[in-house]
Amino acid sequence: MVRAILQRHMSVIKALVHLAIAAPLAHLAWQTWQGQLGGDPVQYLTHFTGKGALNLLFITLLVSPFAKRFKLAPLFQLRRLLGLWVMAYASVHLAIFIYLDLGNDWALLFNETLSRPYILFGMLAFAVLLALSITSHNGIRKRLGRQWQKLHNWVYLAAVLAPVHYYWSVKAGLAEAIIYLVVAGWLLFLRRQKLWAPVKKCWHACQAPKASKPVTRQSALNHGNIHKT
Amino acid sequence: KPLTISKKVPNNLTEKLTPESKVTSHNNFYEFGTNKTDPIENSKLFNPEPWTIEIDGEVKQKVTLDMDAIFKQHAIEERIYRLRCVEAWSMVIPWLGFPLAALLKQVKPTSKAKYVAFQTLYDPERMPGQNSRFSSIPFPYVEGLTMAEAMHPLTLMSVGLYGKTLPAQNGAPLRLVVPWKYGFKSIKSIVKITLTEQQPPTTWQALAPNEYGFYANVNPEVDHPRWSQGSERRINDGFRAERIPTLMFNGYQDEVASLYKGLDLRKFY
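Values in this document were obtained by computation on a predicted structure and should not be read as measured data. Residue positions are counted from 1 within each chain, in the order its sequence is given. Each chain takes a letter, starting from A, and each ligand takes a number, starting from 1, following the order in which they are written. Side-chain atom pairs in this predicted model are given and counted only at pLDDT of 80 or more, local residue features only at pLDDT of at least 70, and totals for whole chains, interfaces and linings cover all residues. In computing side-chain properties, one takes all heavy atoms of the structure into account and sets aside hydrogens as well as water.

Some words on the pattern of salt bridges
Residue and element names in this part refer to chain B.
For step 1, the next point in the chain: Every case where a carboxyl oxygen of Asp or Glu lies within 4 Å of a side-chain nitrogen of Lys or Arg is listed as a salt bridge. For the coordinates displayed, the defined rule picks out 18 salt bridges over all chains.
For step 2, the next point in the chain: With a shortest N-O distance of 3.0 Å, Lys-192 and Asp-56 are connected by a salt bridge. Taken together, the positions of Lys-192 in strand E10 (residues 190-196) and Asp-56 in strand E1 (residues 52-57) put the pair 136 residues apart, joining distant regions of the chain.
For step 3, the next point in the chain: Buried means the residue's accessible area, taken with a 1.4 Å probe over protein chains only, is under 20% of the maximum for its type, while exposed means over 50%, and partly exposed covers the values in between. Residue Lys-192 is classed as partly exposed on the basis of its relative accessible area of 23%. Note on conventions: DSSP H or I runs of at least 4 residues are helices, E runs of at least 2 residues are strands, and numbering of each starts at the N terminus.

Here we look at the interface of chain A and chain B
One frequently used descriptor of interface size is the decrease in accessible area upon assembly of the parts.
For step 1, the next point in the chain: Each partner contributes to the interface: chain A provides 27 residues, whereas chain B provides 27 residues.
For step 2, the next point in the chain: For any pair of parts, buried area is found by adding up, for both, the accessible area (1.4 Å probe) each one loses once the two are put together. Here chain A and chain B share an interface that buries about 2200 Å² over both sides, 52% of which is from carbon and sulfur atoms.
For step 3, the next point in the chain: The tally of links from chain A across to chain B stands at three salt bridges.
For step 4, the next point in the chain: B:Asp223 is the salt-bridge partner of A:Arg116, the closest N and O atoms lying 3.1 Å from each other.
For step 5, the next point in the chain: For the purposes of these results, a polar contact is taken to be a pair of N or O atoms within 3.5 Å, where, inside protein, one atom must be able to donate a hydrogen and its partner to accept one; residues adjacent in sequence count only when each atom of the pair is a side-chain atom. Applying the counting criterion to the chain A and chain B interface returns eight residue pairs in polar contact (both at pLDDT 80 or more).
For step 6, the next point in the chain: Of all the secondary-structure elements, those providing two or more residues to the side of chain A that touches chain B are helix H3 (42-69), helix H4 (78-101), helix H5 (106-115), helix H9 (155-169) and helix H10 (174-189) of chain A.
For step 7, the next point in the chain: By residue class, the composition of the side of chain A that touches chain B is 13 nonpolar, eight polar and six charged. The contact criterion used is simple: two residues touch if any of their non-hydrogen atoms lie within 4.5 Å. Under the scheme applied here, ten amino acids are nonpolar (Ala, Val, Leu, Ile, Met, Phe, Trp, Tyr, Cys and Pro), four are charged (Asp, Glu, Lys and Arg), and all others, including Gly, are polar.

Concerning the UniProt feature "transmembrane region" (unreviewed entry) in chain A
All names here are of chain A.
For step 1, the next point in the chain: On the UniProt side, "transmembrane region" (unreviewed entry) is annotated at positions that read residues 12-33, 53-70, 82-100, 120-139, 151-168 and 174-190 here.
For step 2, the next point in the chain: As annotated, residues 82-100 has a helix share of 100% and a strand share of 0%, and its two end C-alpha atoms lie 26 Å apart.
For step 3, the next point in the chain: Segment residues 174-190 splits into 94% helix and 0% strand. End C-alpha atoms: 25 Å apart. UniProt positions are given in the numbering used here, feature names are shortened, and annotations may be inferred rather than shown by experiment.

Here we look at the packing of aromatic side chains
For step 1, the next point in the chain: We call Phe, Tyr and Trp rings a pair once their centres come within 6.5 Å, taking the six-membered ring for Trp, and we label the pair stacked below 30 degrees between planes, edge-to-face above 60, and tilted otherwise. Inspection of the entire model under this criterion finds 18 aromatic pairs over all chains.
For step 2, the next point in the chain: Taken together, a centroid distance of 6.2 Å and an interplanar angle of 90° make the contact between B:Tyr215 and B:Phe268 edge-to-face. Taken together, the residues span a long stretch of sequence, with B:Tyr215 in the loop between helix H6 (203-207) and strand E11 (231-234) and B:Phe268 in the segment after helix H7 (253-256) at a distance of 53 residues.
For step 3, the next point in the chain: Accessibility expressed as a relative area gives 12% for B:Tyr215, which makes it buried.
For step 4, the next point in the chain: Assessed through its relative accessible area of 37%, B:Phe268 is described here as partly exposed.
For step 5, the next point in the chain: An aromatic cluster is defined as three or more aromatic residues linked by ring pairs; in this entry it consists of B:Tyr115, B:Phe214, B:Tyr215, B:Phe249, B:Tyr260 and B:Phe268.
For step 6, the next point in the chain: The ring of A:Phe70 carries the charged tip of A:Arg69 above its face, separated from the ring centre by 5.2 Å.
For step 7, the next point in the chain: Across the ring face of B:Phe29, the terminal group of B:Lys188 is positioned such that the distance to the ring centre comes to 5.0 Å. Geometrically, a charge over a ring is one whose NZ (Lys) or CZ (Arg) sits within 6 Å of the ring centre while staying within 35 degrees of the ring normal.

Below, the structure written as structure tokens:
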């Protein structure tokens, strides 16, 4: 029944999701305008938009396991919308960093990116998100064919880079950053079969030419010899 | 509360002052929370009275002073200093206070006194950040200086800013200001000063010795792993702070460089 409701009112649901995600950003702009964020809001703005992007990325990655678990196929339609919002938050985050924090000094940006791994990780995550956003258009998706899914699996790389970027950037209060790392680990764990498949495939490909040795009782025992009493 | 300035010190600092509203609303004071706007919010109920400060250790005359005694014994002067945070933002602040040297002379340091250790109030009931599970820094906050740094005429015990007593979020009622060092050295709301023979532990150094040193002198040539120290964001009256180059010893090179003669500043950061 839930599924039927979702199916029928998808456009309303989409509109509500848009609203729910845009609202915090609008509120942030209002607070900044009103001077409610203190004497120098750069750090707050950076953290707010960065954490917003991370939260949205995790929500996006939660859609498929959730939809599969509860057999709510219509939810899959929300993934592109959510993914593009991740990009929007990440773009504001990066723009604040470049314009407000670094004062639009592009040479400094270049040096900082190369000398500080946490910034490099953030940039790489942003590059992945950018590639996925550009190719999210239906026309491009069709043209890319099977390559499209391969490209969009890179989101898992972003899901690792982004929380590590956050973890490395905080000065104190690591607890929150660690929670993000744990959630990222869990989201990837849910996809362990999919993520292991290419590894396994490669493993088998490498192993294939060699004749596989049957494991004899003796060799198994030899391996277990370490704890001989 | 308004404070009367009893001694005028000529000032040759031509940089624009950071507006008072920004000095008092953008603070790193983890005792009241880790966000910059937490201290002003969470210190509203903090009453710095009554307050006593104890000075002991390698001294001939231990004392415990209350604020009345301090105001009676010391002429309050205004000092306009740059404040450079290790996070690469900076301000220009008109502090009110008196030289730390004057306070230390009072207790007659012994010949064994090589360092000065400072301690912030520990009172989780009044400083809610000290209870927070999310703050990973240990309390009470402690800091330290060498005796030579402590006796330097630039080193100030501050009791106010912008013509008034210190707001709680800026370290009421009494804090240290060492203008050539990163802001975290300028410990707030001091209750205890101990003169020691050995180098005392400092909070940030204990937490991350590869990131924060005992000296913590402002130095554009020695980067912090997370922040470039070559430039800083000067918080002024505009919305966007201005990126300006950071000066060696925060611009106080002429006054303090001699303190570090022969010291490898890359090693002793």
